[in-house]
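# Examining the three-dimensional arrangement
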Amino acid sequence: LARELCQRSFAKKVFLCNSGSEANEAAIKLARKFGSKDGRYEIIVFENSFHGRTLGALAATAQPKFHEGFGPLPPGFPVAKFNQIDSVERLITPRTAAILIEPIQGEGGVRPCSRAFLIELRALADRRGLLLMFDGVQCSLGRTGDLFSYETYGVVPDVLTLAKGLGGGMPIGAMLGSDKVATVLGPGDHGTTFGGNPVCSMAALAVLKMLSPQMLKNVKQQEDAILKGLEPLARYPFVRELRGVGLMIGMELTVPGAPFVEACRKKGLLINCTQQVVLRFLPPLALSDSERRFAIKTLRHVFEHAQAG
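Calculation rules
- Residues numbered from 1 in each chain as written.
- Predicted model: local features only at pLDDT ≥ 70, side-chain atom pairs only at ≥ 80, totals over all residues.
- Heavy atoms only, no water.
- Helix = DSSP H or I, 4+ residues; strand = E, 2+ residues; numbered from the N terminus.
- Buried < 20%, exposed > 50% of the residue type's maximum accessible area, 1.4 Å probe, protein only.
- Contact = heavy atoms within 4.5 Å.
- Core = buried A, V, L, I, M, F, W, Y, C linked by side-chain atoms within 4.5 Å.
- Axes fitted to C-alpha atoms, helices over the stretch in contact; angles between N-to-C directions.
- Parallel < 35°, antiparallel > 145°, perpendicular 65-115°, else oblique.
- Left-handed = near helix turned anticlockwise from the far one by under 90°.
- Nonpolar A, V, L, I, M, F, W, Y, C, P; charged D, E, K, R; others polar.

### Quick look at the environment of Gly250
Within the secondary structure, Gly250 is located in strand β11 (residues 248–253). The buried category is assigned to Gly250, whose relative accessible area is 0%. Distance from Gly250 to Asn272, taken between C-alpha atoms, is 9.9 Å for residues 22 residues apart in sequence. Not counting residues up to four positions away in its chain, the partners in contact with Gly250 are Val110, Glu241, Leu242, Arg243, Val278 and Leu279.

Here is the structure:
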């Protein structure tokens, strides 16, 4: 599995674990070890980010609602504004070791980075000797129409974390590292009891095999069709914005989203809501035309009812 991930990505080394939180914990430890010789330990993160629920990953999650009751959290995670390179530059100090970002924020409301912003981040990290780390837990493994979301943007990170879809329902995560970081963690620096176990590794290999060019092509075709189908719904007065990449689409409302989620569920359509007002659509990568039409028809009925009521 590690060899397959390396062959299909930029990576030279892979650390296998059990979840996205663990993959991000590994990335945090790697970044701190990388900067330790110079006294650097801070990792710049972004508003509305979400990196997991363990203490390190939670500290990197810049959403106060997830912090309540769990402080004090580990320090060292200054928060920049999303898609604003000046905000990142202002936070860099002699203590900065890395930048950690989701190319597309999921829990943050399905907010994609601009390609220009990621290009600027890559250049900034190179100039200042920082690691650029992408959290691809939700937005990789075919979700954008490419195997890895960094390919969609054409910007290669030093570290990429994966989980969720990697195991097709089995618990597995991974941290991928480039040549630049391949030897940062040595024996005894980090570990895992069940990471890379045979059952989950075989499941992940099966997933990678299924993520064929044909499957990825379907993602991009369905993205175009879904956005075209949702455009009329985006004209309703309670819709603020439609956005997304691939099969990771968000519709921001001006009203709470929970009633829409419940109304859809009653009609047999499962969606969810993040940030209280963003309907998040994450259909299966093998979405069929008939399933897409059912989803859009259901949403239209729900919207019509909301407009009437």
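After presenting the structure, the write-up continues.
### Topic: the nonpolar core
In this structure, Leu5, Leu121 and Phe303 are the most contacted members of the largest nonpolar core, which totals 71 residues. Per element, the largest residue contribution to this core is five residues, and it comes from helix α5 (residues 115–128). In terms of nonpolar packing, the next biggest core, distinct from the first, is built from 22 residues, Ala23, Ala31, Ala59 and Met133 among them.

### A word on the packing of helix α8 (residues 213–230) against helix α10 (residues 289–308)
With their axes 10 Å apart at the nearest point, α8 and α10 run at an angle of 20 degrees to one another. In terms of orientation, α8 lies roughly parallel with respect to α10. Between α8 and α10 lies a crossing whose hand is right-handed. For the pair α8 and α10, contact is made by Gln222, Ala225, Ile226, Gly229 and Leu230 and by Asp289, Arg292, Ile296 and Leu299, respectively. Of the residues assigned to the contact of α8 with α10, the class counts are five nonpolar, two polar and two charged.

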